[in-house]
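# Tertiary structure, described
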Amino acid sequence: MTTATAQAFSNIAFIKYWGNRDNELRLPVNGSISMNLDGLFSRTTVSFQPSLPFDELIINGREVVGKGLERVSFILDLIREKAGIKMNAEVMSENNFPSGAGIASSAAAFAALALAGSKAAGLDLSERELSVLARRGSGSASRSIPAGFVEWQVGKDEKDCYAYSIAPADHWNLVDCVAIVSSSHKKTGSTEGHAIAGTSPLQNARVADAPRRLEICRNAILKKDFDAFANIIEHDSDMMHAVMMTSNPPLIYWQSATVEIFHQVREWRASGLPVSYTVDAGANVHVLCLGEYAREVEKRLREVPGVKDVLVAGVGGGARIV
Ligand code: PMV
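Since the model is a prediction, treat every value here as computed from it, not as a measurement.

### What to know about the packing of helix α1 (residues 67-83) against helix α3 (residues 127-137)
Their axes nearest at 9 Å, the elements α1 and α3 cross at an angle of 150 degrees. The orientation of α1 with respect to α3, classified from their angle, is roughly antiparallel. Once α1 is placed against α3, the crossing between them reads as right-handed. Contacts between α1 and α3 involve Arg71, Phe74, Ile75, Leu78 and Ile79 from the first element and Leu133, Arg136 and Gly137 from the second. Looking at side-chain class alone, the contact of α1 with α3 contains five nonpolar, one polar and two charged residues.

What follows is the structure, given as structure tokens:
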């Protein structure tokens, strides 16, 4: 086959990945846990063509050159090397959510690219190999390959650094209500952010404590213990942003509406509504709740000043060929 189309969901990290022990290989300093976001996807078609003089990338109907194309060609090179082919490829990708705004568009995009690209090149990679390949494009993309609730292990080496499912999508009816406070492209992307994470004096403490947070979060998910889950994901998100804010140069992703939502969510939880927040490298707030409260949470978020829209996503499956 020389053409294949794959679809992968974005994911939201509950225990965050921030900082690499090897930037080129994207080997993280700590493990992470996430869930895939049903409905928020990238769909990517890769077609290897002997007549193409170079790789071409089209995202949401627009041709992309420069850094964006280089990152995609880098993954195509890894695929070409594995498959022993030399053809260039046309890559067409569509996202159905705002990109560059902390909804991990790169996670969905590189997971879909790894799957579509390897299939189009005639490879039949295992889930683990696909996770490793997707990781080279964007660390969090390793977690968009397996289904449902996913853990990405630090691993001993490059081949051992992959993500796997810890529970299927139907294990727990969690819903992510993403409060969009800004849909503009963030100024500092996560690749640059990872590279300066170690300049924060707080990063060592965050990393040293990661196994404890991973265990609490993993157990909370497995036991469906929302209280334990809520406390640990807020704590972990706050810790990552503390590192970001104290790195050199400092990164502040939050807007005033971001902080306003933190206060609201904690108030709602104190008054009996089971909700919790987490924020990636952007201003938007992912508000997690059980499925039965999603409508109420969405309604309340829409009333918070500064919230422009709310996306609602349940737990998604793994990357697949379409
Ligand atoms: O995969 P990257 O390089 O876009 O990094 C993702 C970083 C966070 O979204 C902030 C955390 C995470 O674990 O997804």
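There is more to say after this.
### Re α3
Extensive coverage of α3 is indicated by the burial of eight of its 11 residues. Turning to α3, its buried residues number three or more, namely Leu130, Ser131, Val132, Leu133, Ala134, Arg135, Arg136 and Gly137. Tucked inside the fold, the buried residues of α3 contact β3 (27-28), α1, α2 (105-120), β8 (149-152) and β9 (163-167).

### Observations regarding helix α6 (residues 210-223)
The end-to-end C-alpha separation of α6 is 20 Å, in line with the 20 Å expected for 14 residues at 1.5 Å each. Looking at the buried side of α6, the elements it contacts are β1 (3-15), β4 (32-49), β8, α5 (203-208) and α7 (226-245). A positive phi of about 55 degrees marks Lys224, the residue just after α6.

### As for the domain arrangement of the protein chain
For the protein chain, the assigned domains read domain 1 (2-169) and domain 2 (174-313). The C-alpha-based centres of domain 1 and domain 2 are spaced at 23 Å. Here domain 1 and domain 2 share an interface that buries about 3,100 Å² over both sides, 68% of which is from carbon and sulfur atoms. On the domain 1 side of the contact with domain 2, Phe14, Lys16 and Trp18 bury the most area, a combined 28% of that side's loss. If you look at where domain 1 meets domain 2, you find two salt bridges.

Rules used in this analysis
- Residues numbered from 1 in each chain as written.
- Predicted model: local features only at pLDDT ≥ 70, side-chain atom pairs only at ≥ 80, totals over all residues.
- Heavy atoms only, no water.
- Axes fitted to C-alpha atoms, helices over the stretch in contact; angles between N-to-C directions.
- Helix = DSSP H or I, 4+ residues; strand = E, 2+ residues; numbered from the N terminus.
- Parallel < 35°, antiparallel > 145°, perpendicular 65-115°, else oblique.
- Left-handed = near helix turned anticlockwise from the far one by under 90°.
- Contact = heavy atoms within 4.5 Å.
- Nonpolar A, V, L, I, M, F, W, Y, C, P; charged D, E, K, R; others polar.
- Buried < 20%, exposed > 50% of the residue type's maximum accessible area, 1.4 Å probe, protein only.
- Expected span 1.5 Å × (residues − 1).
- Domains from an automatic or database assignment.
- Buried area = accessible area lost by both parts, 1.4 Å probe.
- Salt bridge = Lys/Arg side-chain N within 4 Å of Asp/Glu carboxyl O.

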